[in-house]
Amino acid sequence: MEDSYYVFQNDEYAPPNTFGELMDAVDLPKVVELQRFSEGDNSPDGKQFELSSDDYVWEILSECRNAAFVEDQTWTVGGRNYLSFTITSEALGVYKAALYVTEDDWLCTNTFSWQYLFNIGEYAAGKIIKYAKENSVEAEYEPYRNSIAGKIVEITEDYIVVDDSILCKDPTDGITYKILLNDLRISRYADCGVIAVGDTVQVSYEGEIDKDNENTIDSAVSVSEAVISDGGLLIPE
């Protein structure tokens, strides 16, 4: 049996004194990729971009080691020009957190549960923004989480099977998905009897669907009761 490891993080507010102290605490360049970003708010209406490499960004940030932490929990990016980098890191146990770089010299991130704000200077911020804009391509918007919906047709110790044919005008167009119960966040729904065969549900997941292997989803995180109506799929609150 393979060993399983889970990430735990102390949520006590204990900000670093400098950005360099934060980098050293978790070796940020090794556990975080700064490749996907948006100009301004990361919304479906905004433009999304992807860098070919974030090496230069980390090179500039490594020159900002002495940037002091600034205690200001009222600070926001509102009204500023900025890039918003998306941060997902299995090593840190974070999913789609954000790191903001503003034209007026600030770096702010919520990667560590709290707002950490640093004054990196207009020169460094400007170089990062300029490089990102000149060395990226436009990318499709990625929702916070993906989801599939349908009726549960099978539950085993290792997976559940969801059939979405009830959403199709022609049921023969339906797809069945195998959702692995390989994470406590998803397995608890089956273990505690929250879901049962015949339930209509929406399953949220973070990764990709393995279409070559029975439409397998190995990154599911939650299951919600769903109702099919004339207006479409409803998720009761």
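Figured I'd write up the structure that's included with this text. (Residues numbered from 1 in each chain as written. Predicted model: local features only at pLDDT ≥ 70, side-chain atom pairs only at ≥ 80, totals over all residues. Heavy atoms only, no water.)

1. Observations regarding the pairing of strand β10 (residues 176-180)
Part 1 of the argument: Bridge analysis of strand β9 (residues 159-163) against β10 gives 5 bridges, and the strand direction is antiparallel. Along β10, the bridge assignment pairs I160 with I179.
Part 2 of the argument: Here 2 bridges tie β10 to strand β13 (residues 216-217), and the two strands are oriented parallel to one another. Bridged to K178 within β13 is T216. (Pairing = 2+ DSSP bridges. Helix = DSSP H or I, 4+ residues; strand = E, 2+ residues; numbered from the N terminus.)

2. A closer look at the packing of aromatic side chains
Two aromatic rings are characterised by how far apart their centres lie and by the angle between their planes.
Part 1 of the argument: Under the criterion given, the structure shown has 9 aromatic pairs.
Part 2 of the argument: Summarising the aromatic geometry, the rings of Y82 and Y100 are spaced 5.6 Å apart at their centres and angled 85° between planes, so their arrangement reads as edge-to-face. Linking Y82 in strand β3 (residues 82-89) with Y100 in strand β4 (residues 94-102), this pair joins segments that are 18 residues apart in sequence.
Part 3 of the argument: For Y82, a relative accessible area of 15% corresponds to the buried category.
Part 4 of the argument: Site record: aromatic cluster; members linked through ring pairs are F19, F69, F112, Y116 and F118.
Part 5 of the argument: Above the plane of the ring of Y159 lies K178, whose end atom (NZ or CZ) is 4.6 Å from the centre. (Phe/Tyr/Trp six-rings, centres within 6.5 Å; stacked < 30°, edge-to-face > 60°. Buried < 20%, exposed > 50% of the residue type's maximum accessible area, 1.4 Å probe, protein only. Lys NZ or Arg CZ within 6 Å of the ring centre and 35° of its normal.)

3. Things to note about the sheet that holds β9
Part 1 of the argument: Taken together, the 7 strands give an open sheet; going across it, the order is β12-β13-β10-β9-β8-β11-β14, and neighbouring strands pair in mixed fashion. Looking at strand neighbours, the two that pair on one side only are β12 (209-210) and β14 (220-225), the edges of this open sheet.
Part 2 of the argument: Across 4 bridges, the pairing between strand β8 (residues 146-155) and β9 is antiparallel. Paired with I152 across the two strands is V162, which belongs to β9.
Part 3 of the argument: Contacts between helix α5 (residues 184-191) and the sheet are confined to β8, β10 and β14, with β14 contributing the most and set at about 40° to the helix. (Contact = heavy atoms within 4.5 Å. Axes fitted to C-alpha atoms, helices over the stretch in contact; angles between N-to-C directions.)

4. Some words on helix α1 (residues 19-26)
Part 1 of the argument: Regarding α1, the residues found buried are F19, G20, L22 and M23. Seen from one end, α1 has its buried residues packed into an arc of 160°, which puts them on one side. Those residues of α1 that are exposed and aimed more than 90 degrees away from the buried face are D24 and A25.
Part 2 of the argument: Here the buried face of α1 lies against α2 (28-31), α3 (55-62), β5 (106-112) and β6 (114-119).
Part 3 of the argument: Of the residues trailing α1, D27 is marked for its positive phi of about 50°. (Arc of directions from axis to C-beta.)

5. Here's the deal with the sheet that holds β5
Part 1 of the argument: Strand order in the open sheet made by the 7 strands is β6-β5-β4-β3-β1-β2-β7, with antiparallel pairing throughout. Pairing within the sheet leaves two strands with one partner each, and these edge strands are β6 and β7 (136-139). Direction aside, neighbouring strands of the sheet carry axes that sit 30° apart on average.
Part 2 of the argument: Direction of pairing for β4 relative to β5: antiparallel, over a ladder of 3 bridges. The residue bridging Y100 from the neighbouring strand is C108, located in β5.

Take it as geometry only, folks, not as evidence of what the structure does.
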